[in-house]
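Observations on chain architecture
Each chain, written out:
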Number of protein chains: 2
Amino acid sequence: MGRLLDQVNSPADLKMLPAKQLTELAEEIRQFILDSVSKTGGHLASNLGTVELTLALHYVFDFKHDKLLWDVGHQCYTHKIITGRKDKFARLRQAGGISGFPDPAESEYDHFTVGHAGTSIATAIGMAIGNRRQKKKDKIVVMVGDASIVNGTSFEALNNLGLARRQLLIVLNDNSMAIDATVGAMAKYFSRVRLSQTYEDLRKTTKNILEHTPVIGKSVEEAIERIKKSIRMALPASQMFESLNIPYFGPVDGHNVESLVQLFKALEQLEHPAILHAYTSKGRGFRPADSRPSPLRKTSVGGTEPIYTPSNGASKFHSTGPFEIKEDDKVEKTADISRPSFTTVFGEHLTKLAEKDDKIVAITSAMCDGTGLADFRKRFADRCYDVGIAEGAAVDIAAGLARSGLKPVVCIYSTFLQRSFDQISQEVALQNLPVVFCIDRAGVVGPDGPTHHGLSDIGFLRMLPNMVLTAPANDVEMKLALEFALSADSPVVIRYPKDLIPPKKFVRSACAKPFKLGQSVVVKKTKDSSIAIVNYGSILAEALTAEALLAKDGIAVDVINARFAAPIDKKILSLLEMGKDIITVEDHNLACGFGSAVLESYALRDAYSEKQKRNTQACPERSRRNDIRNPRICVLGAPRRLIGHDCRETQLMQAGISADKITETAKEMFEIRNPKSEIHPS
Amino acid sequence: MGRLLDQVNSPADLKMLPAKQLTELAEEIRQFILDSVSKTGGHLASNLGTVELTLALHYVFDFKHDKLLWDVGHQCYTHKIITGRKDKFARLRQAGGISGFPDPAESEYDHFTVGHAGTSIATAIGMAIGNRRQKKKDKIVVMVGDASIVNGTSFEALNNLGLARRQLLIVLNDNSMAIDATVGAMAKYFSRVRLSQTYEDLRKTTKNILEHTPVIGKSVEEAIERIKKSIRMALPASQMFESLNIPYFGPVDGHNVESLVQLFKALEQLEHPAILHAYTSKGRGFRPADSRPSPLRKTSVGGTEPIYTPSNGASKFHSTGPFEIKEDDKVEKTADISRPSFTTVFGEHLTKLAEKDDKIVAITSAMCDGTGLADFRKRFADRCYDVGIAEGAAVDIAAGLARSGLKPVVCIYSTFLQRSFDQISQEVALQNLPVVFCIDRAGVVGPDGPTHHGLSDIGFLRMLPNMVLTAPANDVEMKLALEFALSADSPVVIRYPKDLIPPKKFVRSACAKPFKLGQSVVVKKTKDSSIAIVNYGSILAEALTAEALLAKDGIAVDVINARFAAPIDKKILSLLEMGKDIITVEDHNLACGFGSAVLESYALRDAYSEKQKRNTQACPERSRRNDIRNPRICVLGAPRRLIGHDCRETQLMQAGISADKITETAKEMFEIRNPKSEIHPS
């Protein structure tokens, strides 16, 4: 007897199974995901929670034509498994393998490359309008989690759901968890609903929804009215969505696959938008990652509200590296950490500084662990604010904190900070408020791939007035940058990668100098150098490696650690004035990045420098001499194209942000300077 | 007998008046605003609606210590009038005069320079936390409109209101209007509440709130419970906010200043966040701008929902230029339009194209009139989607529309598009979906000032993969750009200013050439020129003016109309290769703008060009020759500092984006090139 899973390579195969076998298949898939992710790493807990919902959807809908849209998308593994990508899980999130997120390039069953929260309902509305206008009958289903539905974009979409005016089913996958436990009023509200329900209630609700749908030929209002009259529904939840005029069904058990199949068969016939509220357990079936509290317990968090508090296993196994499954279900993560990460160094130092300065507070957007704030929160629970997936509000709250005299530290990943660009622009930059932004995951991010790269932050932030942009090269500089930022009287941005700090040998003495506004440090000064490598941030290690390689080839270069991308140090420009060529290197888009800022500064110097003008008038010879040997600026950074999921090191190579690329560029420059010279290897 | 208003120059003066005189004062202020705005232009309707609310707040709270935060902020005129700025209204929104928005630089009574919607509740939460932590007793009041409260950032903040854990009063100023009538489910919901209330209900509600607050010594829950039991409150509205655990009071009449005073005296004593829902009429007291329907009428908009539909006078007088007040209350706007605006040309041409292509649909964010879509909407009501102040969802809906095969045109002002940066990045650019972005108000915007300038769009958009960025120089190019964008198979951005199209003399024959991806056009080729002016967008007129000025001084320059900022035309780089200097000019931040893109492209050419490398090897002499006369690139654009409210023309001068600045720069370049030459005026 083979596994059922071995027979299922497509939704068509799935539909061949009798519905009662789906429970067994669900367990096999759960095991498959567990085995697979333990080897490759990946998003575990969320995927263990959505097995049954996904199977039931694929069993009922025909997603060759119908459209299944995922919010965030990291919970789509079951979907990938049954849409022909099962065999590719051995290379999940690796080069040449499949992405950890939906990707239209992989499969006709995927429609958007996603990774950020709150977008699916709005895109679904757009597709629904499109289908309606083009008289397409394709059905549309959205799978959205309770952590995503509180996002501002989700709310804006719910507020406009009426535009769809046709079928559009939203499945609310409610596991009471973002990466961390969900927070905020709506989460408490869902939690109250959850606490008011027993398993028997869920069963009854399901039964009654089935008895009273489909509603073909009847208006939704009428159908809902009938359902309401006959059953004990979760009235508070229903009221919230009905305030927004959204027909609400539920809550139901999101793990009872057979009854889900029945429900979807009924709900797929609705001709209006609707929401099905399903309870799931993040990490279900794998005890260390399971969020189910047993029994349900009431705790008091931040007030008098009873709140459903999940165990923290699901948070630990939200996104994981490879790990070992032990017999007693205990696990040991494969140790892969010899040096601490930038994140850890940041978190520890912030906590240390906060001990001495009670004005320091931290704010994050559902990423307390990810941004290194876990210990800070433990130590200073009342000074750490997690607002859920709400980056816009997080920044505005920080602005208010700063205006009231506190020192807020905003901890958001670079890619997600894009959500708060406008708030940073208006509430922080325009007001010149001393908010500190600690931007983790800046640069390429490895396995999460294109949706998660943090390659735009320098660009969108350096345009804004008053913003100071800095990037530490290593742990020593991380601490100094944080101290600098917390003592500044303007907004300061500190960016650092999802990476370990560089090995000790790359921490040079210059790195120990305190950070001073707009001042670079010379890390390596070489006699008779005609080229300077100017790095921004953690890429210093690559610059130093390049310097050593070039020295072997007899090419002397300086290494300047810029530290600031705004303002640009005039000393960098003076290198050019001295006739040196420079190579800028950064872990960011080449467009609008640090190198671009250097180019602008140099161009501005030409255009505006009164001194230059006077010199020209006083000493035309000098001006001409200046013309004779204009220095070159080469900029290295990520090109304007997608960098796929892979390990970070390879991505840096691909993007041309590496010691090799620096070396190659320096050699080209050297050759152009010295066309007839021979290079003598040392 | 002088006016009461003459005695009131500060909140202290206001507090000296007996409460019963406030009604008279309100009428005087209304007249003052009307007279003042008819002379200077400004935001009229919204300010006529908030007179009583503002007076009552200042009468009760002490905003020398307490904090009054405005959402959007254009409704703050009464606040400015009674906080010592009455005499400055003669220069409202003009150089040296006061801003049309709150501005901390103007007054200690202002705390944030605002202009974008949805931010006030979040900043208030931050300030509340700050006050709590620092044991400050300052009270915090937020004034937010019903159009702003549906914004995603507002919702994220409401969801986190629990963080405040102290007094924080939100006044919901509900006039059923954004700039246009508010849309979406929440607006319909407020509208249902409004329709269910009579004037008598409002009076009773007020009476009962007063009888049951303050609640000192009692929990809010208890107080609310008592109020609920004793009065007929607007239960549906109360349910919506109570779902989010926000104590709700109202609705009440927002124009009865005496009862508002009593209400605020009660509500100021709450020790928890709360919301007061007040009805106002936008444009009250000035018939052409009054939104009050008389009597309340039920209409059916987009479905079977009854909706409160305001007259469109308030929309017309949302933001106005100077106008004349005639005796019969009719008005004539002072005619100031001799040429059509870019907006008008866009709107007309889109409608024309849409006649022939039914795949074209338009989406906007509460700016149907402002973006020139009014006629399109009239002609194609079912192809025009206004999502309210929800720029993030607007872009995601557009992505869904494009994915379904339609051709969506997103019409959002440059400054507000910042709200959807992340959605453009993920749902549009990453997917390479053919969404057309028509970015109005790009560049400096005149009287609205710093919060409304559109100076960052080139920067944040050109970093994204697949995006094509274009800008028309005039009406002829506007039409061609739109045709190009609608036939492209990638996302295309078209940016244009809040301005009239340039006079005919600046529309040269080259402008009639069809737009081709990444291709510039030569507008003026001059024999023996050593300098080329390369403009991006409507600033072509300035470039041509500069060219003529320079010709008079015997300096020959070419004028190239770049048309595209992404991709950059290689022909522009080839000018440099030919040894010409270039001056780029654009109505955008110098940082990350078009000029910056040219600099990057040129730097990349140096670094990466294999051809260059081969040439170097094959012909070292050529490489050296190239070095001998490296060309210069001067970039002109807005500096990284605030550009205050003023007329657009002056702002362009201040920013150095002008014919004069181009001329001056070209002369400098010419002098550097020809240090000994004498310039012979023609």
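Refer to the preceding data block for the structure.
Only a predicted model underlies this, so the values are computations on that prediction, with no experimental measurement involved.

**Digging into the overall build of chain A**
Check the secondary structure of chain A and you find 28 helices and 23 strands. When the 682 residues of chain A are sorted by exposure, 66% land in the buried category. Considering only intrachain contacts with a sequence separation of at least 6, the fraction spanning at least 24 residues in chain A is 76%. With the model as given, the accessible surface of chain A reaches about 23300 Å², and the carbon-plus-sulfur share is 52%.

**Considerations on helix 3 (residues 22-40) of chain A**
Taking 1.5 Å per residue, 19 residues should reach 27 Å; helix 3 of chain A reaches 26 Å between its end C-alpha atoms and fits that length. Positive phi shows up at A:G41, right after helix 3 of chain A, with a value of about 80 degrees.

**A word on the environment of A:R632**
Following the sequence through the fold, A:R632 ends up in the loop between helix 26 (620-628) and strand 23 (633-638). Linking A:R632 and A:S154, residues 478 residues apart in sequence, is a C-alpha distance of 48 Å.

**Let's talk about the pattern of salt bridges**
For the structure shown, the criterion picks out 59 salt bridges over all chains. Note that A:R3 and A:D6 form a salt bridge whose closest N and O atoms lie 3.0 Å from each other. On the basis of relative accessible area, A:D6 is assigned to the partly exposed category, the value being 42%. Across the salt bridge formed by B:R379 and B:E355, the nearest N and O atoms sit 2.9 Å from each other. Of this pair, B:R379 sits in helix 15 (residues 374-379) while B:E355 is found in helix 14 (residues 342-356), placing the two residues 24 residues apart along the sequence. A residue is classified by how much of its surface remains accessible, and B:E355, at 45% relative accessible area, is partly exposed. Ionic contacts of the salt-bridge type, sharing partners, join the residues A:K80, A:R85, A:E106 and A:D110 into one network.

**A look at the packing of helix 3 of chain A against helix 5 (residues 51-60) of chain A**
Residues and elements named next belong to chain A. Close contact between helix 3 and helix 5 brings their axes to 10 Å; oriented N to C, the two are set at 125 degrees. The orientation of helix 3 with respect to helix 5, classified from their angle, is oblique. By crossing handedness, the relation of helix 3 to helix 5 is classed as right-handed. Along the contact surface, helix 3 presents L22, L25, A26, E27, I29, R30 and I33, while helix 5 presents V51, E52, L55 and Y59.

**Some details on the pairing of strand 22 (residues 581-589) of chain A**
Residues and elements named next belong to chain A. Of all nine residues that make up strand 22, nine are buried, and the element is covered over most of its length. Both strand 19 (residues 531-536) and strand 22 contribute to a ladder of six bridges, which runs parallel. From the neighbouring strand, Y536 faces strand 22, where its bridge partner is E586. Sheet analysis places strand 22 next to strand 23, joined by five bridges and oriented parallel. Looking at the pairing, V585 lines up with L636 of strand 23.

**Side note on the interface of chain B and chain A**
The interface is formed by 131 residues belonging to chain B together with 131 residues belonging to chain A. Of the roughly 10800 Å² buried between chain B and chain A on both sides combined, carbon and sulfur atoms contribute 55%. The largest share of the area that chain B buries against chain A comes from B:R133, B:M463 and B:R640, three residues that together contribute 7% of it. Scanning the region where chain B abuts chain A turns up four salt bridges. A:D422 is the salt-bridge partner of B:R419, the closest N and O atoms lying 2.9 Å from each other.

**Considering the relation of the copies chain B and chain A**
Least-squares fitting of chain B to chain A yields an RMSD of 0.0 Å, with the superposition described by an axial translation of 0.0 Å and a rotation of 180 degrees. Taken together, the rotation and translation relating the two chain copies correspond to the operation of a two-fold axis. In terms of C-alpha distance to the rotation axis, chain B has B:G152 as its closest residue, with the C-alpha 1.8 Å off the axis. Here 99% of the interface residues in chain B have copies in chain A that are interface residues too; the copies meet face to matching face.

**Focus on the environment of B:F112**
Structurally, B:F112 can be placed in the loop between helix 5 (77-85) and helix 6 (120-133). C-alpha of B:F112 to C-alpha of B:D71: the two residues are 41 residues apart in sequence and 9.7 Å apart in space. Residues in contact with B:F112, not counting those within four places in the same chain, are A:A399, A:G400, A:R403, A:E427, A:Q431, A:L433, B:L69, B:P102, B:D103, B:P104, B:T123 and B:M127.

**Things to note about the packing of aromatic side chains**
Given two aromatic rings, one states the distance between the centres and the angle between the planes to describe the pair. In this structure the tally under the stated criterion is 32 aromatic pairs over all chains. Aromatic side chains A:F241 and A:Y248 sit 5.7 Å apart centroid to centroid with 10 degrees between the ring planes, which places their arrangement in the stacked category. Exposure class is identical for A:F241 and A:Y248. Each is buried. Here B:F421 and B:F460 contribute two aromatic rings whose centre-to-centre distance is 5.3 Å and whose plane-to-plane angle is 65 degrees, an arrangement assigned as edge-to-face. On the criterion of sequence distance, the pair formed by B:F421 in helix 18 (residues 421-429) and B:F460 in helix 19 (residues 457-462) is long-range, its members being 39 residues apart. By relative accessible area, B:F460 is classed as buried at 0%. Aromatic ring contacts, followed pair by pair, group A:F421, A:F460, B:F421 and B:F460 into a single cluster. Positioned above the aromatic ring of A:F380 is the side chain of A:R383, whose terminal nitrogen or guanidinium carbon lies 4.2 Å from the ring centre.

**Brief notes about the side chain of A:N589**
All names here are of chain A. Looking at the element boundaries, N589 is found in strand 22. Taking the relative accessible area as the measure of exposure, N589 reaches 6% and is therefore buried. Side-chain polar atoms of N589 contact the side chain of S456, separated by 3.3 Å.

**With respect to unusual backbone geometry**
Geometrically, the link from B:G250 to B:P251 is a cis peptide bond, its omega value of 0 degrees lying close to zero. Tracing the sequence through the fold places B:P251 in strand 5 (residues 248-253). The omega torsion across B:A566 and B:P567 is -5 degrees, close enough to zero to call that bond cis. Notably, A:N245 is not glycine yet its phi reads approximately 65 degrees, a positive angle. Secondary-structure assignment places A:N245 in the loop between helix 12 (235-243) and strand 5 (248-253). Notably, A:C592 is not glycine yet its phi reads approximately 65 degrees, a positive angle. Within the secondary structure, A:C592 sits in the loop between strand 22 and helix 24 (594-608).

**What to know about the nonpolar core**
Residues A:I149, A:F241, A:F437, B:I149, B:F241 and B:F437 are the most contacted members of the largest nonpolar core, which totals 189 residues. Sequence-distant contacts of A:I149, that is, excluding residues within four places in its chain, are made with A:I121, A:V144, A:S154, A:F155, A:L158, A:L172, A:M186, A:F190, A:F241, A:I275 and B:F155.

**Topic: the sheet that holds strand 12 (residues 360-364) of chain B**
Residue and element names in this part refer to chain B. Pairing is mixed in the open sheet, where seven strands are placed in the order 13-12-14-15-17-16-21. Of all strands in the sheet, those with a lone pairing partner are strand 13 (384-386) and strand 21 (564-566), marking the two edges. The sheet shows a mean angle of 20 degrees between the axes of neighbouring strands, direction not considered. Bridge count between strand 15 (residues 436-440) and strand 17 (residues 492-495): four bridges; the pairing is parallel. Note that in strand 17 the partner of F437 across the bridge is V493. Contacts from helix 20 (residues 475-487) reach strand 12, strand 14 (407-413), strand 15, strand 16 (468-470), strand 17 and strand 21 within the one sheet, and its direction differs from that of strand 17 by about 165 degrees.

Conventions used here
- Residues numbered from 1 in each chain as written.
- Chains lettered and ligands numbered in written order.
- Predicted model: local features only at pLDDT ≥ 70, side-chain atom pairs only at ≥ 80, totals over all residues.
- Heavy atoms only, no water.
- Helix = DSSP H or I, 4+ residues; strand = E, 2+ residues; numbered from the N terminus.
- Buried < 20%, exposed > 50% of the residue type's maximum accessible area, 1.4 Å probe, protein only.
- Contact = heavy atoms within 4.5 Å.
- Areas by Shrake-Rupley, 256 points an atom, 1.4 Å probe, with all protein chains shown as cover.
- Expected span 1.5 Å × (residues − 1).
- Salt bridge = Lys/Arg side-chain N within 4 Å of Asp/Glu carboxyl O.
- Axes fitted to C-alpha atoms, helices over the stretch in contact; angles between N-to-C directions.
- Parallel < 35°, antiparallel > 145°, perpendicular 65-115°, else oblique.
- Left-handed = near helix turned anticlockwise from the far one by under 90°.
- Pairing = 2+ DSSP bridges.
- Buried area = accessible area lost by both parts, 1.4 Å probe.
- Least-squares fit on C-alpha atoms with pLDDT ≥ 70 in both.
- Phe/Tyr/Trp six-rings, centres within 6.5 Å; stacked < 30°, edge-to-face > 60°.
- Lys NZ or Arg CZ within 6 Å of the ring centre and 35° of its normal.
- Polar contact = N/O pair within 3.5 Å; in protein donor to acceptor, adjacent residues only side chain to side chain.
- Core = buried A, V, L, I, M, F, W, Y, C linked by side-chain atoms within 4.5 Å.

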